[in-house]
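# Examination of the molecular architecture
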Amino acid sequence: MQSVTKEDVYAAISTVIDPEVGCNLVDLGLIYGADIDENNHVNVTMTLSTRGCPLHQSMIDWVKEAVEKIELVEGCDVEIVWEPEWNISMAAEHVKQSLGAGTGMW
Amino acid sequence: MKISSNFAPPLGIISPFFITGVLFYILSIVGLFTLESHISWLDLHWIGFVHTYLIGFVMLVIIGAMAQLLPVVLERGHCCVGFYPIIFTFISLGTLLLLIGFLAYPLLLSYGGLIIVLGFAIFGIELILTGKDGLWRSLSTRAVSFAILFLTIGTVLGWIMTLGLAGTLEMDPSHLIDVHAMTLLAGGVMLILIGLAQILLPMFGLAHGFDTKPAVWAFGLIVFGVVLYLSGEIIASDTVQTLAMVSILFAVGAHSVQVVMIARKKGRREYDIWFRSLAVAYLSLVLSLGCFIFALMGGDDRAWLLSGWLFGIGFLGFMITGHLYKIIPFLVWFERFSPLVGKQKVPMLHQMVPKRSADFQWGYSSVGLFVAALSLVFENNDLWYGGLSFLLVGSLFLIHNITWMLRFK
């Protein structure tokens, strides 16, 4: 049976953009992992940039929809975890630069 | 756990809070043109416009924002979202009646006061029914819960004062002014902002890993201070009330320290309209604290007035307008664009802010705030009317920006 790869999953999730920050979830470092079983069912483990994120449920739905668009994927579950707590150092270098992270005190 | 997508109240319910709030802001600035820079605390016109600003603008916008934010924080939907149009109507109508009462018909004051008490009571009941035991879960929700309690006490005291002003009750309402103001401004508004800041500032600034002890201290000291102030009123002790004010001062100081700690852990260094508005807000708060301390140490009435001006127009005004540039685009985006994610290109939130016009709003309002503040120091009418003119232009930009964001398609 042809199987889905992690790269396929991350590529699909990278089409989901955080509208507040303007970057995709993978580059923001919000995706902690993606497990694919022998039936091509995907379990995504991710976090959010803040616990009180008003887009909590929407993010889950968008990630699920994006992953389920991949050919061969039989289904997707998304789990939100809070450990380890996300911080800007987990984001890709170009995201940090675009947000000005680490530049100056304020 | 299903969070947020089903819990956000419809934009149609929340947007009147923001639009009407800003209209009350404009109305109060226009009203201040009828006064001169030498203002007496007991001038009924002054009191009328202060109430229009604090209830019609500050509280209306805060309640609208909390209607959107609290379900997310509490992780449960509103118990009775249909209460919000009633709350909106009561508080708007009550504010108008209070203003007319203060300006011309004192008999209307007690009706306006009662309607506002009812509006806050419905808001408090809805919050309790929605939050239940979850209200004690976090510092933010605990702060909001105590704030609602103090708002209730403060508005009831205010209503009793309106009965005195209208002649229905035989009493001198001026005796209650300080306890009324302290309960509402420190116990109500400041406590809500201390609570909400713990959520909003890290959320918009992408700040993590900061120590939250200052916020815990700020919460404890302000609750202690307000309770002490009320106790001092009951036992008629100036010493107790002075101690209470010192406690509240330390609470505001602790909150300021917390904000600096959050700012230093910010994950984004964008100096957008939100950040710049907060910068003016906290600069005003620090200056207001300085004036407050000076007044407490024996400064004249101008120090109290300046402290109040910087706190009200500077801190509260800029804190609220800055957050409107974050909250309204989100609400509009959530309602109009979130269903289109994955189907077509959707705008980013920063694209839904009229940046140039927002810069003008910020610039005019900042100049107006500080020029009018100077006029209070020097009791100079030219500076006063000049400052007010800048503030008015800024407020017109604000209503333009609010409607622009709400109409974004």
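This write-up is about the structure you can find in this document. (Residues numbered from 1 in each chain as written. Chains lettered and ligands numbered in written order. Predicted model: local features only at pLDDT ≥ 70, side-chain atom pairs only at ≥ 80, totals over all residues. Heavy atoms only, no water.)

## What to know about the pattern of salt bridges
The condition that has to hold: Salt bridges are defined as contacts in which a side-chain nitrogen from Lys or Arg sits within 4 Å of a carboxyl oxygen from Asp or Glu. In DSSP terms, a helix is any run of H or I states spanning at least four residues, a strand is any run of E spanning at least two, and both are numbered starting from the N terminus. Exposure is judged per residue with a 1.4 Å probe applied to protein chains only, and the accessible area is read against the type maximum: over 50% gives exposed, under 20% gives buried, and values in between give partly exposed.
By the definition in use, this model includes seven salt bridges over all chains. Between A:Glu68 and A:Lys64 there is a salt bridge; the shortest N-O distance is 3.1 Å. Of this pair, A:Glu68 and A:Lys64 are both found in helix H2 (residues 56-68), four residues apart, which corresponds to roughly one turn of the helix. By relative accessible area, which is 34% here, A:Glu68 ends up partly exposed. Across the pair B:Asp300 and B:Arg302 runs a salt bridge, and its minimum N-O distance is 3.1 Å.

## Some points on the interface of chain A and chain B
As a reminder of what qualifies: Contacts: residue pairs with any heavy atoms within 4.5 Å of one another. Once two parts are brought into contact, the accessible area they lose, counted with a 1.4 Å probe and summed over both, makes up the buried area. N or O atoms within 3.5 Å of each other form a polar contact, as long as, within protein, one can give a hydrogen and the other can take it, and as long as residues adjacent in sequence are counted only when both atoms are side-chain atoms. When residues are grouped by polarity, Ala, Val, Leu, Ile, Met, Phe, Trp, Tyr, Cys and Pro land in nonpolar, Asp, Glu, Lys and Arg in charged, and all others, Gly among them, in polar.
Facing 31 residues of chain A, the contacting portion of chain B comprises 31 residues. Across the chain A/chain B interface, buried area totals approximately 2800 Å², and carbon plus sulfur atoms make up 60% of it. Along the contact surface separating chain A from chain B lie one salt bridge. For A:Glu20, the salt bridge goes to B:Lys326, with nearest N and O atoms at 3.1 Å. Across the chain A-chain B interface, the total number found is four residue pairs in polar contact (both at pLDDT 80 or more). Every element with two or more residues in the side of chain A that touches chain B is listed here: strand E1 (17-18), H2 and helix H3 (93-99) of chain A. For the side of chain A that touches chain B, the element with the most residues is H2(A), which contributes five residues. Of the residues in the side of chain A that touches chain B, the class split is 13 nonpolar, 13 polar and five charged.

## Some words on the pairing of strand E4 (residues 41-46) of chain A
Residue and element names in this part refer to chain A. This is how it is decided: Pairing between strands is defined by DSSP: at least two bridges between them are needed.
Only one face of E4 is covered, namely the face carrying Val42, Val44 and Met46; the face carrying His41, Asn43 and Thr45 is uncovered. Looking at chain direction, strand E3 (residues 31-36) and E4 are connected through five bridges and run antiparallel. What sits directly across from Asp35, in E4, is Asn43. From the end of E3 to the start of E4, which pair antiparallel, there are four residues, and Asn40 there has a positive phi angle of about 60°. Pairing of E4 with strand E5 (residues 75-80), which is carried by six bridges, proceeds in the parallel orientation. Looking at E5, one finds that Asn43 is bridged to Asp77.

## Digging into the environment of B:Phe360
Along the chain, B:Phe360 turns up in helix H11 (residues 355-378). Through-space distance from the C-alpha of B:Phe360 to that of B:Ile148 is 35 Å; in sequence the pair is 212 residues apart.

## Comments concerning a nonpolar patch on the surface
Residues and elements named next belong to chain B. Note the cut-off: A patch consists of residues exposed above 30% relative accessible area that lack any salt bridge, with like charges linked at up to 9 Å and nonpolar side chains (Val, Leu, Ile, Met, Phe, Trp, Tyr) linked at up to 5 Å. Per-residue accessibility takes into account occlusion by the displayed protein chains alone, with areas from the Shrake-Rupley method and a 1.4 Å probe.
On the surface, Leu27, Leu96, Ile100 and Tyr105 cluster together into a nonpolar patch covering about 350 Å² of accessible area. Relative to the elements of secondary structure, Ile100 occurs in helix H3 (residues 83-103). We classify Ile100 as partly exposed; its relative accessible area is 36%.

## Some remarks on the environment of B:Asp178
Residues and elements named next belong to chain B. By secondary structure assignment, the location of Asp178 is in helix H6 (residues 177-205). With relative accessibility at 29%, the residue Asp178 sits in the partly exposed group. Between the alpha carbons of Asp178 and Val30 there is a distance of 26 Å; along the sequence they are 148 residues apart. Each residue touching Asp178, except ones within four places of it in the same chain, is listed here: Tyr229, Glu233 and Gln241.

## Thoughts on the packing of aromatic side chains
Residues and elements named next belong to chain B. Put simply, the rule reads: Put simply, two rings from Phe, Tyr or Trp (the six-membered ring, in Trp's case) pair if the centres are within 6.5 Å, and we call them stacked under 30 degrees between planes, edge-to-face over 60, tilted for the rest. Only lysine NZ and arginine CZ atoms are considered, and such an atom sits over a ring when it is within 6 Å of the ring centre and within 35 degrees of the ring normal.
On inspection of all chains with the given rule, the structure shows 24 aromatic pairs over all chains. Relative to Trp304, the ring of Phe292 lies with its centre 5.3 Å away and its plane at 85°, an arrangement referred to as edge-to-face. In this pair, Phe292 is assigned in helix H9 (residues 273-296) and Trp304 in helix H10 (residues 301-336), connecting sequence segments twelve residues apart. Aromatic ring contacts, followed pair by pair, group Phe17, Tyr84, Phe88 and Phe123 into a single cluster. Taking the ring centre of Trp362 as reference, the NZ or CZ of Arg276 above it sits at 5.2 Å.

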